[in-house]
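Descriptive analysis of the structure
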Amino acid sequence: MNSPKQGPYRTKMRDHMLEIANRIISTEGLAAVQARRVAQEAGCAVGTLYNVFGGLDFLIIEANACTLDALGDDLARANETTIAASMRDRLMALALAYLDFASMRDKAWRAVFEHQMSPGAEVPSWYRDRQGKLFGLVETVLEDAVANPTLRASNARALFSAVHGIVAISLDSKLGDFDYSETERQVRFIVGSIASGLTRPAQ
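For the structure given in this document, a descriptive report is provided here. These numbers come from a predicted model, not from an experiment.

**Some remarks on the side chain of D57**
Tracing the sequence through the fold places D57 in helix α4 (residues 56–81). In this structure D57 is buried but unpaired, with R128 as the nearest side chain of opposite charge at 12 Å. A distance of 2.9 Å separates a polar atom in the side chain of D57 from a polar atom in the side chain of H115.

**Remarks on the pattern of salt bridges**
Within the structure shown, the criterion is met by 13 salt bridges. With a closest N to O distance of 3.4 Å, D15 and R14 form a salt bridge. When its relative accessible area of 27% is taken as the criterion, R14 is described as partly exposed. In this structure, R14 engages E62 in a salt bridge whose closest nitrogen and oxygen atoms are separated by 2.8 Å. You can see R14 sitting in helix α1 (residues 7–28) and its partner E62 sitting in helix α4, a full 48 residues away along the chain. Shared partners join several salt bridges into a network, and the residues in it are R23, E28, R37 and E41.

**Details of helix α7 (residues 125–141)**
Here α7 is 17 residues long and its end C-alpha atoms lie 25 Å apart, about the 24 Å a rise of 1.5 Å per residue gives. The complete set of buried residues in α7 reads Y127, L134, F135, L137, V138, E139 and V141.

**Things to note about the nonpolar core**
Residues L75, L91, W109, V163, V167, V187 and V191 are the most contacted members of the largest nonpolar core, which totals 38 residues. Per-element accounting of this core gives the leading share, 12 residues, to helix α5 (residues 87–104). Counting residues in each nonpolar core, the second largest holds 25 residues, with A21, A35, V52 and A111 among its members.

**Considering helix α6 (residues 106–114)**
When α6 is considered as a whole, its buried residues turn out to be A108, W109, R110, A111 and V112. Contacts from the buried residues of α6 go to α1, α4, α5, α7 and α8 (149–171).

Criteria and cut-off values
- Residues numbered from 1 in each chain as written.
- Predicted model: local features only at pLDDT ≥ 70, side-chain atom pairs only at ≥ 80, totals over all residues.
- Heavy atoms only, no water.
- Helix = DSSP H or I, 4+ residues; strand = E, 2+ residues; numbered from the N terminus.
- Buried < 20%, exposed > 50% of the residue type's maximum accessible area, 1.4 Å probe, protein only.
- Lys, Arg positive; Asp, Glu negative; His and termini not counted.
- Salt bridge = Lys/Arg side-chain N within 4 Å of Asp/Glu carboxyl O.
- Polar contact = N/O pair within 3.5 Å; in protein donor to acceptor, adjacent residues only side chain to side chain.
- Expected span 1.5 Å × (residues − 1).
- Core = buried A, V, L, I, M, F, W, Y, C linked by side-chain atoms within 4.5 Å.
- Contact = heavy atoms within 4.5 Å.

What follows is the structure in structure tokens.
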């Protein structure tokens, strides 16, 4: 048998365990991802998982990165189809694409926000960069309305937080049963209000 330290074996095992983790998250949720279960399904020892990923946290980070990539692809498509539209319409397209993704891939989407690193472990910088690319799409749309790059980055995160909050509360049924149409109405309201504020002439 090849050693886990050898390239081909390590790569194959990494991909296999990542596929298993993504499947478990998508069908059962983050809480169901356990090192022993992933290793058992992959046909290897638990130690192999730690050898390949450095720990369960980092396997989950890799799985969540796959979700971020999928979300980024959806948001990029929404942005591309409205590239010539107004800022309001472009922001609306991004927000509604986010709602669609969260509602259709609920468990995987939740895992991105539910996962907490173990004490002493840090989120890799490359993962933060992956998150930053999503905010970058919003920042690009805000360029004409917010000239200061620091303020633009802050506004992009505030806008994301507002939309995310509406979507999360709705999907969690915190204020009643989830109703897509009502959630969409709320998203349109908040994004429209923010866009109007950004384009209103200074007094």
